[in-house]
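Listed below, chain by chain, are the residues.
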Amino acid sequence: MQPPRETTLDTAPQHPVPDQHGVNLFDSDPDLGRLLPLYLPAPLLQRLLPQLQRLGGLAGGVLDALAQTADRNPPQLLHRTRSGVDLQRIVKHPAYVELERVAFSQYGLAAMSHRAGVFGCDTPLPAAAKYALTFLFVQAEFGLCCPLSMTDSLTRTLRRFGSPQLLQRYLPRLVSQDFDELYQGAMFMTEQGAGSDVAATATRAVPDGDAYLLHGDKWFCSNPDADLAMVLARIDGAPAGMKGVSLFLLPRRLPDASANAYRIVRLKDKLGTRSMASGEIRLDGARAFLVGEAGRGFQQMADMVNNSRLSNGVRAAGLMRRAVSEALFVARERRAFGRRLIDMPLMRRQLLKLLLPAEQARTMVFQTAEALRRADDGDAAAYALVRVFTPLIKFRACRDARKVTGDAMEVRGGCGYIEDWADPRLVRDAHLGSIWEGTSNIVALDVLRAIRREGSLPALDQHLRGLLADTPLQAEARRVFDDTLSRTVARASRVAEAGERGDALARQVASALYHLSTATAMAWEAGGMRSARRMRLAQLVLRQRLLPQDPLGGDEAEPGWMPALLDTAVDDAVVEAVSLCA
Ligand SMILES: Cc1cc2nc3c(=O)[nH]c(=O)nc-3n(C[C@H](O)[C@H](O)[C@H](O)COP(=O)(O)OP(=O)(O)OC[C@H]3O[C@@H](n4cnc5c(N)ncnc54)[C@H](O)[C@@H]3O)c2cc1C
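Residues numbered from 1 in each chain as written. Predicted model: local features only at pLDDT ≥ 70, side-chain atom pairs only at ≥ 80, totals over all residues. Heavy atoms only, no water.

Before going further, it helps to examine the overall build of the protein. Summing up its helical and strand segments, the protein has 19 helices and 11 strands in all. Over its C-alpha atoms the protein spans a radius of gyration of 25 Å, differing by no more than 12% from the 25 Å that the globule rule assigns to 582 residues. With respect to the principal axes defined by its C-alpha atoms, the protein has extents near 80 × 75 × 45 Å. In the protein, which comprises 582 residues, the share counted as buried stands at 56%. Once local pairs closer than 6 in sequence are excluded, the contacts in the protein between residues at least 24 apart make up 73%. By element, 52% of the accessible surface of the protein is carried by carbon and sulfur atoms, the whole surface being about 24600 Å². Of the side chains in the protein, 72 bear a positive and 66 a negative charge, and the two mean positions are spaced by 2 Å. (Helix = DSSP H or I, 4+ residues; strand = E, 2+ residues; numbered from the N terminus. Rg over C-alpha atoms; globule rule 2.2 N^0.38 Å. Buried < 20%, exposed > 50% of the residue type's maximum accessible area, 1.4 Å probe, protein only. Contact = heavy atoms within 4.5 Å. Areas by Shrake-Rupley, 256 points an atom, 1.4 Å probe, with all protein chains shown as cover. Lys, Arg positive; Asp, Glu negative; His and termini not counted. Charge placed at Lys NZ, Arg CZ, Asp CG, Glu CD.)

Bringing the packing of aromatic side chains into the picture now. Counted under the stated rule, the structure contains 7 aromatic pairs. Ring geometry for Y107 and F119: centres 6.0 Å apart, planes at 75°, overall edge-to-face. With a gap of 12 residues between them, Y107 in the loop between helix 4 (94-106) and helix 5 (127-137) and F119 in the loop between helix 4 and helix 5 connect regions that are remote in the sequence. The class for Y107 is buried, based on a relative accessible area of 1%. (Phe/Tyr/Trp six-rings, centres within 6.5 Å; stacked < 30°, edge-to-face > 60°.)

Okay, the site of the ligand next. Neighbouring the ligand are 19 residues; M187, T190, S196, S222 and T439 lie closest to it. Here M187 contributes a backbone N or O atom positioned 2.7 Å from a nitrogen atom of the ligand. Interatomic distance of 3.3 Å between a backbone N/O atom of E437 and an oxygen atom of the ligand. In isolation the ligand has 970 Å² of accessible area, and contact with the protein removes 65% of it. (Near = heavy atom within 4 Å. Polar contact = N/O pair within 3.5 Å; in protein donor to acceptor, adjacent residues only side chain to side chain.)

Overall, the coordinates contain 48 salt bridges when judged by the stated rule. Put simply, E454 and R387 hold a salt bridge, and the shortest N to O gap is 3.5 Å. With E454 in helix 12 (residues 440-454) and R387 in helix 10 (residues 380-411), the pair connects residues that are 67 residues apart, well separated along the chain. (Salt bridge = Lys/Arg side-chain N within 4 Å of Asp/Glu carboxyl O.)

Here we take up the nonpolar core. One broad rule of soluble globular proteins: the nonpolar side chains tend to lie buried together. Core analysis: the largest hydrophobic core is formed by 185 residues, its most contacted members being F137 and L250. In this view, F137 contacts L55, L63, L99, V102, A103, L109, L144, C145 and L148; residues no more than four positions away in its chain are not counted. (Core = buried A, V, L, I, M, F, W, Y, C linked by side-chain atoms within 4.5 Å.)

Looking at the element boundaries, D303 is found in helix 8 (residues 297-333). When neighbours within four sequence positions are excluded, D303 is seen to be in contact with R156, T157, R160 and F161.

Where helix 2 (residues 42-60) contacts helix 5, the axes come no closer than 9 Å and their chain directions differ by 20°. For the element pair helix 2 / helix 5, the angle class is roughly parallel. Relative to helix 5, the crossing made by helix 2 is right-handed. Across the interface between the two elements, L48, Q51, L52, L55, G56 and A59 of helix 2 pack against A129, A132, L133, L136 and F137 of helix 5. Residues of the contact of helix 2 with helix 5, tallied by class, amount to 9 nonpolar, 2 polar and no charged. (Axes fitted to C-alpha atoms, helices over the stretch in contact; angles between N-to-C directions. Parallel < 35°, antiparallel > 145°, perpendicular 65-115°, else oblique. Left-handed = near helix turned anticlockwise from the far one by under 90°. Nonpolar A, V, L, I, M, F, W, Y, C, P; charged D, E, K, R; others polar.)

The phi angle of most residues is negative, glycine excepted, and most peptide bonds adopt the trans form. Not every positive phi belongs to a glycine, and N223 is a case in point at roughly 55°. One can find N223 in the loop between strand 5 (211-222) and strand 6 (228-235).

Before going further, it helps to spend a moment on empty space enclosed by the protein. Counted according to the given criterion, the structure contains 5 cavities of 30 Å³ or more. Taken as a whole, the largest cavity encloses approximately 120 Å³ of empty space. Looking at the lining of the largest cavity, the elements that each hand over two or more residues are helix 5, helix 6 (145-161) and helix 8. Here the element with the most residues in the lining of the largest cavity is helix 6; it accounts for 5 residues. Along the lines of polarity and charge, the residues of the lining of the largest cavity split into 4 nonpolar, 5 polar and 3 charged. (1 Å grid on protein atoms, 1.4 Å probe; cavity = no way out; pocket = protein on both sides within 12 Å on 5 of 7 lines; lining within 4 Å. Points joined across faces, edges and corners; volume = space filled by probe spheres on them.)

Below, the structure is given as structure tokens:
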């Protein structure tokens, strides 16, 4: 009889599944380093590079591990202390608190747009710097980016519309990097009967001396235990509809340190962003302060919402980059049928399909950030541009992130579906981007609103023509870019002018404008970076997203202009695009 074969548990597997944990997500993404000089002045970039490099290392290692732990240990709402005192608090896992410490304190991500001093800089940092850092941070942790963005956005709105007294009382702590001192922000807008339709807001505001007492239910409140929240409510006697909605600042604690009169009723059990608490709040006469003008609550809140929408676009870009970097790593390391996955033509084609929307989103982040900087400096055309860029990135990048994270998960095979890996978390988190801060329909309609009311289309047209003029292109390629620009802008204009009939096409127009903007800006970046590969990616966006295609044609049926645009066949572009990204 044969003796039973011995098995040992500590035998190393012969084919371990590839794991890129510990990779520096800044160093492993050379295009990020090459793009930044186009959007940031050289001295600032020099100062930022060590920070980006360090954050890339943290995001690929320790922050990623903390994020996974925080995701598995969602916050809990406690209503009483152990000695029986009614005192609500949300218990956050230490891993999440550590993530907060890095984002708010070490990196000052919520403070850097509002004051000098972060990284020793003598001015506040431009949006492109904040978003480059956020782009790295979110590759590890998505949930916390909501409180970060809300704190940043609340501070911006308070600075624009808040009274000097409110600013004096709250601003120093909102922009603090002292972890024990700092205040976090939130935004309580949505009610059961008022989500997209903010005009249906029913929460009441009853005047009480120099403040108001709020009564009502807020149905979705992320970061519900935040120190300060912007809240929409209707002052008693105010007219119905949007004109009756005002904006209030709601502190969690009153100036005498007592708890304000509102209750977190329960926390939501969410598909994603599980590390971060979202709850329902009952306002029982909570004391709040009017911000800005009564009856202009929605217009003022729109500034905060737009800032959050842009941040959502940045987060979607980061999620896609993380998904792509995981997929590229697996494809290079994993072998099947005696070959690396990346050497298989069909896999390369799929990888390019992941890479393209991720690169589009990254370009849109920096284009919007740069326009925002100019708009904040008083440039009216830049303001009109930001007004359309913001819903464009929120709409398209958040939708693309759902698909890219899902398809990247498949590149890891069965392991992609297993919670040991980042892929399922990325997929779950990515689905939220299209819902909160305005669903896809609502932000697509906002693109048409920006065209109708803010003169955004001529501003976009002028901006893109300026980029093209600054881009080295062959004559035929220039003609294709110019024609596509004219046709897309004309189409968007017709749809916007068609009133409610045109609304049905809002998403189609938003997608077209996004693809047009990213293709053009990527071509411009390609010129600045002297990168033939980026130029090819730009041209692929044009070809695959905006120009007519024969679904049965395949790559061999290239349109006549294509060889002029791409001096090699598309397959070569695929190989190069992917392999050079490694
Ligand atoms: C995890 C999470 C956290 C959140 N955190 C916050 C928060 O901190 N603060 C806050 O205020 N809110 C928050 N929200 C709420 C979120 O912003 C809303 O859920 C969202 O705006 C949609 O509103 P609603 O749920 O009422 O849906 P509805 O407005 O009822 O929309 C339902 C559907 O109708 C569509 N629709 C509505 N109007 C139109 C139209 N005119 N044309 C075409 N389609 C239309 C929408 O696109 C959507 O598909 C959060 C939501 C989630 C899921």
